[in-house]
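These are the residues of each chain, in order.
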Amino acid sequence: MLVTLNEVTVSYTDKKILDNVSFSINDNDKIGIVGINGTGKSTLLKTILGEVDIQSGEIFRKSGIKIAYLPQQPKFDENASIIDTALKESKVDNEYEIKAMLSKLGIDNLDSKISTLSGGEKRRLALAITLVKQCDLLILDEPTNHLDIWMINWLEKYLTKWSKALLLVTHDRYFLERITNKTLDIELGNVYLYDVNYSNYLNLKVERAEYQQANYRKLKAILKKEAAWAALNPQARSTKSTERLKRYYELEDKTNKLKNNMYMKNIFKMMLLLTMALFMSCGDDDEVKLPDTKDVNYANIAGTWRLSEWNGEKIDGDTRYYYIKFDRKEKDGKRSYTIYTNLNSA
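Residues numbered from 1 in each chain as written. Predicted model: local features only at pLDDT ≥ 70, side-chain atom pairs only at ≥ 80, totals over all residues. Heavy atoms only, no water.

Another point: the packing of aromatic side chains. This model, assessed by the stated rule, comprises four aromatic pairs. A ring pair is formed by Tyr 198 and Tyr 201, whose centres lie 5.8 Å apart and whose planes are at 35°; its orientation type is tilted. Separated by three residues within a single helix, Tyr 198 and Tyr 201 lie in helix 7 (residues 198-230), roughly one turn from each other. Linked through ring pairs, Trp 154, Tyr 158 and Trp 162 together constitute an aromatic cluster. (Phe/Tyr/Trp six-rings, centres within 6.5 Å; stacked < 30°, edge-to-face > 60°. Helix = DSSP H or I, 4+ residues; strand = E, 2+ residues; numbered from the N terminus.)

Put into structure tokens, the structure is as follows:
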């Protein structure tokens, strides 16, 4: 094992980003990390790197492990030249290797200063540096940002052949599907590791959401009976029922907490259903067919699916599921699609 997190908790102020999280990364794992914005994907990466303080738990790293990391916002010396920065940061002995990687990613004029590069070019410079580093674990946070279609295709093939461990965060679900062999899902501070790629993870995720919803319904039915008992006139209760009343309040608290979580779990389920529809339905025509389910009411708003109702209950706030679809043309002439997904909840 390269890295193991054992009951790790990370908090900001009073919010737990990671709550008692445990999982391991093995030598040949290619893990895609998924979760809605703000769930802690980047925080998890920084925790693995040791850049974030943990409140409890332990992190074990293999002795001598080398990790290469692509952050979302790389920082460079603006006055240094591109080639000097690339050689210094990558620590490669062969100058040709880093120059070839820079060329693949569209970085030329290597004697120019970093300050002449755009934000997207700086990201590509950082990606080139990260890819040539010697490492046991490669961590990439949104590597397809600022890449054109040809670069994405090239990177996909490069990572498919990658023989060491990989942790990948990306909104490009097609990219995720083709590269990863495991999926790590971050949800409400918890982490669930599935030993499957992205499309199979979607099916398992929906099953888990439905299981959680069924448990909530059972708990709600029990609470209803107990609430009727608790509402009785005090004289109608037995003097020995103090413990039952205590259990009722505990049950009420548990049900309310689960109810609060169910809202987000239902949102996750909606996101997964729509992602599955988008992911599976993209073919030669441009029609996107949504799943036929009585649970979800949605409206098509110019590339946005808006959830307004769940199981007959109105959803408060503005919950929208955004997607972008565009062509990817392979050299063999076949047509495929990339689905970028995002979920914002107001």
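The rest of the description comes next.
With that settled, consider helix 4 (residues 119-132). For helix 4, with 14 residues, the first-to-last C-alpha span of 21 Å sits near the 20 Å given by 1.5 Å per residue. Listed as buried for helix 4 are Gly 120, Lys 122, Arg 123, Arg 124, Leu 125, Ala 126, Leu 127, Ala 128, Ile 129, Thr 130, Leu 131 and Val 132. Contacts from the buried residues of helix 4 go to strand 5 (67-70), helix 2 (82-90), helix 3 (95-104), strand 6 (137-141) and helix 5 (149-161). (Expected span 1.5 Å × (residues − 1). Buried < 20%, exposed > 50% of the residue type's maximum accessible area, 1.4 Å probe, protein only. Contact = heavy atoms within 4.5 Å.)

All right, on to the side chain of Glu 177 then. Examined against the element boundaries, Glu 177 turns out to sit in helix 6 (residues 173-179). Arg 178 provides the closest opposite charge to the buried, salt-bridge-free Glu 177, at an N-O distance of 7.7 Å. Here Asn 197 takes part through its side chain, which lies 3.2 Å from a polar atom of the side chain of Glu 177. (Lys, Arg positive; Asp, Glu negative; His and termini not counted. Salt bridge = Lys/Arg side-chain N within 4 Å of Asp/Glu carboxyl O. Polar contact = N/O pair within 3.5 Å; in protein donor to acceptor, adjacent residues only side chain to side chain.)

Once that is clear, we can look at the packing of helix 2 against helix 3. One way to put it is that helix 2 packs onto helix 3 with a least axis distance of 10 Å and a crossing angle of 115°. Helix 2 and helix 3 meet at a crossing whose hand is right-handed. Residues Ile 83, Ala 86, Leu 87 and Ser 90 of helix 2 pack against Glu 95, Ile 98, Lys 99 and Leu 102 of helix 3. (Axes fitted to C-alpha atoms, helices over the stretch in contact; angles between N-to-C directions. Left-handed = near helix turned anticlockwise from the far one by under 90°.)

If you walk across this open sheet you meet the six strands as 5-6-7-3-8-9, and the pairing is mixed. The open sheet has two edge strands with one neighbour each: strand 5 and strand 9 (190-194). For this sheet, the mean inter-axis angle between neighbouring strands, taken without regard to orientation, is 15°. Here strand 3 (residues 30-34) runs beside strand 8 (residues 182-187); their pairing, made up of four bridges, is parallel. Paired with Ile 33 across the two strands is Leu 184, which belongs to strand 8. Where helix 1 (residues 41-49) meets the sheet, its contacts fall on strand 3, strand 5, strand 6, strand 7 (165-169) and strand 8, and the angle it forms with strand 6 comes to roughly 150°. Together, strand 5 and strand 6 form the strand contacts of helix 4, whose direction differs from that of strand 5 by roughly 170°. (Pairing = 2+ DSSP bridges.)

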